[in-house]
Amino acid sequence: RERDYYVDVDNVEGARLATQHLIDQGRTRLATITGPTTMPGGIDRLTGFREALDAAGLSSVAIEDGDFTAAAAAAAAKRMIESGVEFDGLFVASDLMARGVLVELTRAGLRVPEDVAIVGYDDSPVATSVSPTLTTVRQPSLVQGEVMADILLTLLAGGAPERETLLETQLVVRESA
């Protein structure tokens, strides 16, 4: 809509970073647990996952919807495990979902990162409260707020700021991958 202004992170690039990290770790049987594919963040993160795989000449072994909740992601991980699909790398589209996935992998006797390397997304407090600590993609939430405030102030002063602002993400490497 032409009157809207928004500030977001480059979710496609963030997912590419996460997936490329798994590939760089030697993982070749990659899967993802997405957010809802009815939401821009869910769509963009799935796109970035697919683009990184395509660039590496790999195909995904599984794609499951985790609905951005720990419970739905745990159920998705359980479905993947019970289906017998073999995966050694998993990109999970949020840290909260990754927490649910970690529980399910542990129940199945899979070790992280030895059997399955995991990369989450957000760099939320969840990332450092789980064991192993989560390799994740950091979103600059504070900067997002600051940029949106600057846009509002520019508008109030009669200026013409950019309508769309995409901020960069950063990979934070911890124990899970």
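Being a predicted model, the structure only gives us computed values, none of them experimental.

A. Structural detail: the overall build of the chain. Within the chain, the regular secondary structure consists of six helices and eight strands. For the chain, the succession of helices and strands along the chain, N to C, is β-α-β-α-β-α-β-α-β-α-β-α-β-β. Whereas a compact globule of 177 residues would reach a radius of gyration of roughly 16 Å, the chain reaches 17 Å, a difference of no more than 12%. The principal-axis extents of the C-alpha atoms in the chain amount to approximately 60 × 35 × 25 Å.

B. Structural view of the nonpolar core. Grouped together as the largest cluster of nonpolar side chains are 23 residues, with contacts concentrated most on Ile33, Leu90, Val92, Val101 and Ile118. Those elements giving two or more residues to this core turn out to be β2 (30-34), α3 (70-83), β4 (89-92), α4 (95-107) and α5 (126-129). For this core, the leading source of residues is α4, giving five residues.

C. Region of the structure containing the sheet that holds β2. A sheet is described by the order of its strands in space; here four strands give the open sequence β3-β2-β4-β5, paired in parallel fashion. Single-partner strands in this sheet number two, and they are β3 (62-65) and β5 (117-119). Taking the axes of each pair of neighbouring strands and ignoring which way they run, one obtains an average angle of 15 degrees across the sheet. Pairing analysis gives four bridges linking β2 to β4, with the strands arranged parallel. In the sheet register, isoleucine 33 faces β4, and the bridge partner there is valine 92. Contacts from helix α2 (residues 40-56) reach β2, β3 and β4, with the element oriented near 170 degrees to β2. The sheet contacts of α3 involve β2, β3 and β4, and relative to β3 the element is tilted by about 150 degrees.

D. Quick peek at the packing of aromatic side chains. Applying the stated criterion across every chain, the model contains two aromatic pairs. Pairing phenylalanine 49 with phenylalanine 91 gives two aromatic rings, centres 6.4 Å apart and planes at 20 degrees, and the pair type is stacked. Pair noted here: phenylalanine 49 is in helix α2 and phenylalanine 91 is in strand β4, with a separation of 42 residues, a long-range link. This pair shows no difference in class: phenylalanine 49 is buried, exactly as phenylalanine 91 is. Aromatic ring contacts, followed pair by pair, group Phe49, Phe91 and Tyr121 into a single cluster. Over the face of the ring belonging to tyrosine 121 we find arginine 45, whose NZ or CZ atom lies 3.8 Å from the ring centre.

E. Inspection of the pairing of β3 at higher detail. Residues Ala62 and Glu64 point to one face of β3 and are all buried, whereas Ile63 and Asp65, pointing to the other face, are not buried. Across four bridges, β2 lies against β3 in parallel orientation. By the bridge assignment, threonine 32 is partnered in β3 with isoleucine 63.

F. Broad picture of unusual backbone geometry. Backbone torsion omega between valine 112 and proline 113 reads 5 degrees, so that peptide bond is classified as cis. Mapped onto the elements, proline 113 comes out in the loop between α4 and β5. Positive phi is not limited to glycine here, since aspartate 67 has a value of about 55 degrees. Mapping aspartate 67 onto the fold places it in the loop between β3 and α3. Its relative accessible area of 42% is what places aspartate 67 among the partly exposed residues. Unusually for a residue other than glycine, aspartate 122 sits at a positive phi of about 130 degrees.

Thresholds applied
- Residues numbered from 1 in each chain as written.
- Predicted model: local features only at pLDDT ≥ 70, side-chain atom pairs only at ≥ 80, totals over all residues.
- Heavy atoms only, no water.
- Helix = DSSP H or I, 4+ residues; strand = E, 2+ residues; numbered from the N terminus.
- Rg over C-alpha atoms; globule rule 2.2 N^0.38 Å.
- Core = buried A, V, L, I, M, F, W, Y, C linked by side-chain atoms within 4.5 Å.
- Buried < 20%, exposed > 50% of the residue type's maximum accessible area, 1.4 Å probe, protein only.
- Pairing = 2+ DSSP bridges.
- Axes fitted to C-alpha atoms, helices over the stretch in contact; angles between N-to-C directions.
- Contact = heavy atoms within 4.5 Å.
- Phe/Tyr/Trp six-rings, centres within 6.5 Å; stacked < 30°, edge-to-face > 60°.
- Lys NZ or Arg CZ within 6 Å of the ring centre and 35° of its normal.

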